[in-house]
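So you can see what is in the structure, the chains are spelled out below.
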Amino acid sequence: MATYVDEHGVEMLRPETEPVPEHALHAEIVDLLYAGLRAHFADRTDVAVHERLAWFPEQSNTRIRLDPDVMVVIGRSQLMRKSFKAWAEDGAVPTVLVEVVSEEDTDRNYRERLGRAHRYGVPEVVLIHPFAPGGCYVQHLLAEEEGYRTRATSTSPDAPVEVPTLGIRLAGGDRLVAEDEYGPWQDTASLAEHVRRQTEEARRQGERADRLAEALRAAGIDPDSI
């Protein structure tokens, strides 16, 4: 496999982008969760949300690459990234990984993935099992010294899993139900509209603040002194 040197002078031994085959339902859930989390954190400048983005945790060994479905990194800005490289992010580690279990995945696959996530310091993982017998199954895992502990599970829309770090609720059952304080996440199109409305409201608030500051200056008052 061809290697190359990235913009930080680090030799990359695995590609930063690589397509991964997905079942249609798997792709739909990943897109919903990504769009929902982007909308949920739209007014935060210190939260990065990415889907299908390779994470390289070790500068000294770029063969190691994790490929979470969705990652949320509190403390990093939302930027266009080709990949998430620890050495380019001040050593930051994803705060929460969200993994949608594929139809082809085995328990061993996910034990290995969880082992790597734990090894590199991910404090929380959410697992969505859309192909579980009886319907969608949700697990919220917290890191402990020896591995991850299941904090909560859901197999019914009447008993959702709260994920306090993200401020969202996820419920299993016939289908995945995801919601925040604004209500359920219906689909990616409605979430995109929600982001647009939030952005427009922020713009209007900024314009109102500018008009107020101008009025104060006209009255001989320094707005910065208030």
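(A) Expanded view of the overall build of the protein. Scanning the protein from N- to C-terminus turns up 3 helices and 14 strands. Going through the 226 residues of the protein one by one, you find that 42% of them count as buried. Within the protein, contacts between residues at least 6 apart in sequence are counted, and of these 52% link residues at least 24 apart. Of the roughly 12700 Å² of accessible surface on the protein, 49% is carried by carbon and sulfur atoms.

(B) Quick peek at helix α1 (residues 24-40). With 17 residues, α1 should cover 24 Å at 1.5 Å per step; its first-to-last C-alpha distance of 24 Å lies within 8% of that length. A large share of α1 lies buried, amounting to 12 of its 17 residues. Along α1, the residues that are buried comprise His 26, Ala 27, Ile 29, Val 30, Leu 32, Leu 33, Tyr 34, Ala 35, Gly 36, Leu 37, Ala 39 and His 40.

(C) Broad picture of the sheet that holds strand β3 (residues 47-51). In spatial order, the strands read β3-β5-β7-β8-β9-β10; together these 6 strands make up an open sheet with mixed pairing. The open sheet has two edge strands, β3 and β10 (147-154), and neither has a second partner. Adjacent strand axes in the sheet meet at a mean angle of 15°, parallel and antiparallel pairs treated alike. Across 3 bridges, the pairing between strand β5 (residues 70-74) and strand β7 (residues 96-100) is antiparallel. What sits directly across from Val 70, in β7, is Val 98. Seen against the sheet, α1 touches β3, β5, β7 and β8 (124-129) and runs at an angle of roughly 165° to β3.

(D) Fine view of unusual backbone geometry. Backbone geometry places Arg 52, a non-glycine residue, at a positive phi of 50°. Turning to its location among the elements, Arg 52 is positioned in the loop between β3 and β4 (55-56). Owing to a relative accessible area of 36%, Arg 52 belongs among the partly exposed residues under this scheme. The phi angle at Asp 90 is positive, at roughly 55°, despite the residue not being glycine.

(E) Looking closely at the side chain of Ser 154. By the secondary structure assignment, Ser 154 is in strand β10. Residue classification places Ser 154 among the buried residues on the basis of a relative accessible area of 2%. There is a polar contact of 2.8 Å between the side chain of Ser 154 and the backbone oxygen of Ala 159. Reaching out from Ser 154, the side chain makes a polar contact with the backbone nitrogen of Gly 172 at a distance of 3.0 Å. Those residues in contact with Ser 154 that lie beyond four places of it in its chain are Cys 136, Tyr 137, Val 138, Ala 159, Pro 160, Val 161, Leu 170, Ala 171 and Gly 172.

(F) Local environment of empty space enclosed by the protein. Taken as a whole and judged by the stated rule, the model has 1 cavity of 30 Å³ or more. Space inside the largest cavity adds up to approximately 30 Å³. Taken together, Leu 33, Leu 37, Val 98, Val 126, Leu 166, Ile 168 and Leu 170 make up the lining of the largest cavity. Here the lining of the largest cavity is composed, by residue class, of 7 nonpolar, no polar and no charged.

The rules we used
Every chain is numbered on its own, with residues counted from 1 as its sequence reads. A pLDDT threshold of at least 70 governs which residues receive local features in this predicted model, and a stricter bar of 80 or more applies before side-chain atom pairs are shown or counted, although totals over entire chains, interfaces and linings include all residues. Here the side-chain values reflect all heavy atoms present in the structure, with hydrogen atoms and water set aside. Each helix is a run of H or I in the DSSP string that is no shorter than four residues. Each strand is a run of E no shorter than two, and both are numbered from the N terminus. For the exposure calls, accessible area comes from a 1.4 Å probe over protein chains only, and a residue counts as buried if that area is under 20% of its type's maximum, exposed if over 50%, partly exposed in between. Should any heavy atoms of two residues lie within 4.5 Å, those residues are considered in contact. Accessible areas in this description were obtained via Shrake-Rupley with a 1.4 Å probe; residue shielding takes into account the shown protein chains only. How far a helix is expected to stretch is found by multiplying one less than its residue total by 1.5 Å. Should DSSP find at least two bridges between two strands, the strands are regarded as paired. Angles shown run from 0 to 180 degrees and are taken between the N-to-C directions of axes, each axis being a line fitted to C-alpha atoms and, for helices, limited to the stretch in contact. N or O atoms closer than or at 3.5 Å make up a polar contact, with two conditions inside protein: a donor-capable atom paired with an acceptor-capable one, and, for residues adjacent in sequence, both atoms drawn from side chains. Put simply, the grid is 1 Å and covers the protein atoms alone, a cavity is a trapped set of points that fit a 1.4 Å probe, a pocket is an open set with protein on both sides within 12 Å along at least five of seven lines, and lining residues have an atom within 4 Å of a point. Grid points are joined across faces, edges and corners, and a volume is the space filled by probe spheres set on the points. The residue classification treats Ala, Val, Leu, Ile, Met, Phe, Trp, Tyr, Cys and Pro as nonpolar and Asp, Glu, Lys and Arg as charged. All others, Gly included, are polar.

Limitation: the analysis is restricted to geometry and does not speak to function.
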